[in-house]
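For reference, the chains in residue letters:
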Amino acid sequence: MKLEMKDSPGQLVAALKPISDVGGNIIAVIHHRDPDSSHHMLNVQIVLALPEGRLDKLVALLKEQGVHIQRIGKERLLYKRTVVLIGHLMHTDLSDTVDQIDSTGFAEVCEISMSMPAINERSTSRVTIKATNRADMDAALAILRRVAQQKSLLLIEPLGEIV
């Protein structure tokens, strides 16, 4: 959520309390106080986890506090896994490998870092995938396993899960 509120003592705390009142969990609060602001307003970004069906109540409580809601966004891809791929990644078309995950509609590659020691040597890439839920993550990893086998890539998967 992106919020705008009066820049006065206690206003931020008053805006955060309704989140816990509706059973939400605050993950991060980002704000920048501009002491030169002529309208004495504070912009705050809040990352939160909220139980299903509680958003309307939260919005009503925030409005009661005099908080203006500028934007509400929902993170659709909540499950994240990072794997390592080793092999001739560029020669086997890394963009095709990524496209096979991204084209599913329920998962996407959100980060790649790569080390390429020499043109004829195998590359190593750390690939992070996000998916909508655990079952979709399992399906995305199954696609990646199939692609890795087809392209003779070594896929190293983590032992644990990150949500």
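Here is a short report on the structure shown in this document. (Residues numbered from 1 in each chain as written. Predicted model: local features only at pLDDT ≥ 70, side-chain atom pairs only at ≥ 80, totals over all residues. Heavy atoms only, no water.)

### A few points about the overall build of the protein chain
So the rule is basically this: Working definition: helices are DSSP H or I runs of at least four residues, strands are E runs of at least two. Numbering for both runs from the N terminus. In this scheme, a residue with accessible area under 20% of its type's maximum is buried, one over 50% is exposed, and one in between is partly exposed, where area comes from a 1.4 Å probe on protein chains only. Residue contacts are defined here by distance: any two heavy atoms, one from each residue, within 4.5 Å place the two residues in contact. We get accessible surface area from the Shrake-Rupley algorithm with a probe of 1.4 Å; when it comes to residues, only the shown protein chains can shield them.
When its secondary structure is counted, the protein chain shows four helices and eight strands. Its helices and strands in sequence order give the protein chain the pattern β-α-β-β-α-β-β-α-β-β-α-β, from N to C terminus. Looking at the 163 residues of the protein chain, the share that counts as buried comes to 31%. Put simply, 68% of the contacts in the protein chain that link residues at least 6 apart link residues at least 24 apart. Total accessible area on the protein chain stands at roughly 10200 Å², and carbon and sulfur atoms take up 52% of it.

### Remarks on the sheet that holds strand 6 (residues 107-115)
Rules: Two strands are said to pair when DSSP picks up at least two bridges between them. Simply put, an axis is a line fit to the C-alpha atoms, just over the touching stretch for a helix, and the angle between two N-to-C directions goes from 0 to 180 degrees.
If you trace the four strands from one edge of the open sheet to the other, you get 6-7-5-8, paired in antiparallel fashion. Across the chains shown, the open sheet's two edge strands, defined by having one partner strand only, are strand 6 and strand 8 (154-156). Between one strand axis and the next, the sheet turns by 25 degrees as a mean value, whatever way the strands run. Where strand 6 and strand 7 (residues 123-131) come together, eight bridges link them in antiparallel fashion. For I112, the partnering residue across the bridge sits in strand 7 and is V127. Across the sheet, helix 3 (residues 94-102) touches strand 5 (79-87), strand 6 and strand 7, and the angle it forms with strand 6 is around 155 degrees. Running at roughly 5 degrees to strand 5, helix 4 (residues 134-150) makes contact with strand 5, strand 6, strand 7 and strand 8 of the sheet.

### Describing helix 2 (residues 55-64)
Counted only if it meets this: Here the arc refers to the set of directions running from the helix axis out to each C-beta atom.
Listing the buried residues of helix 2 in full gives L58, V59, L61 and L62. Taken around the axis of helix 2, the buried residues stretch over an arc of 165 degrees, which confines them to a single face. Pointing more than 90 degrees away from the buried face of helix 2 are the exposed residues D56, K63 and E64. At its buried positions, helix 2 is contacted by strand 1 (2-6), helix 1 (11-21), strand 3 (41-49) and strand 4 (68-71).

### Digging into the packing of helix 1 against helix 2
What counts, and what does not: Relative orientations are named as follows: roughly parallel for angles under 35 degrees, roughly antiparallel for angles over 145 degrees, roughly perpendicular for angles from 65 to 115 degrees, and oblique for any other angle. Should the near helix be turned counterclockwise from the far one by less than a right angle, the crossing is left-handed, whereas a clockwise turn marks it as right-handed. Polar here means any residue outside two lists: the nonpolar Ala, Val, Leu, Ile, Met, Phe, Trp, Tyr, Cys and Pro, and the charged Asp, Glu, Lys and Arg; Gly therefore counts as polar.
It is the contact of helix 1 with helix 2, at a shortest axis distance of 9 Å, that shows an interaxial angle of 155 degrees. Considering their axes alone, helix 1 and helix 2 lie roughly antiparallel with respect to each other. Handedness of the crossing formed by helix 1 with helix 2: right-handed. Across the interface between the two elements, A15, P18, I19 and D21 from helix 1 touch L58, L61 and L62 from helix 2. Of the residues in the contact of helix 1 with helix 2, the class split is six nonpolar, no polar and one charged.

### Considerations on unusual backbone geometry
Located in the positive-phi region is D93, a residue other than glycine, with phi close to 65 degrees. Note that D93 resides in the loop between strand 5 and helix 3. With relative accessibility at 37%, the residue D93 sits in the partly exposed group. Positive phi outside glycine occurs at S152, with the angle close to 55 degrees. Note that S152 resides in the loop between helix 4 and strand 8. With relative accessibility at 66%, the residue S152 sits in the exposed group.

### Describing the pattern of salt bridges
Heads up, the condition is: Between Lys or Arg on one side and Asp or Glu on the other, a salt bridge is scored when a side-chain nitrogen of the former is within 4 Å of a carboxyl oxygen of the latter.
Counted by the stated rule, this structure contains four salt bridges. In this structure, the salt-bridge partner of D21 is K17, at a minimum N-O distance of 2.9 Å. Linking D21 with K17, this pair stays in helix 1, spanning four residues, or about one helical turn. Look at D21 and you get partly exposed, because its relative accessible area is 47%. The salt bridge involving K151 is made with D96; its shortest N-O contact spans 2.8 Å. Residue K151 is located in the loop between helix 4 and strand 8, and its partner D96 is located in helix 3; the two are separated by 55 residues in the primary sequence. In this structure K151 comes out as buried when scored by relative accessible area, which is 15%. The partly exposed category is assigned to D96, whose relative accessible area is 26%.

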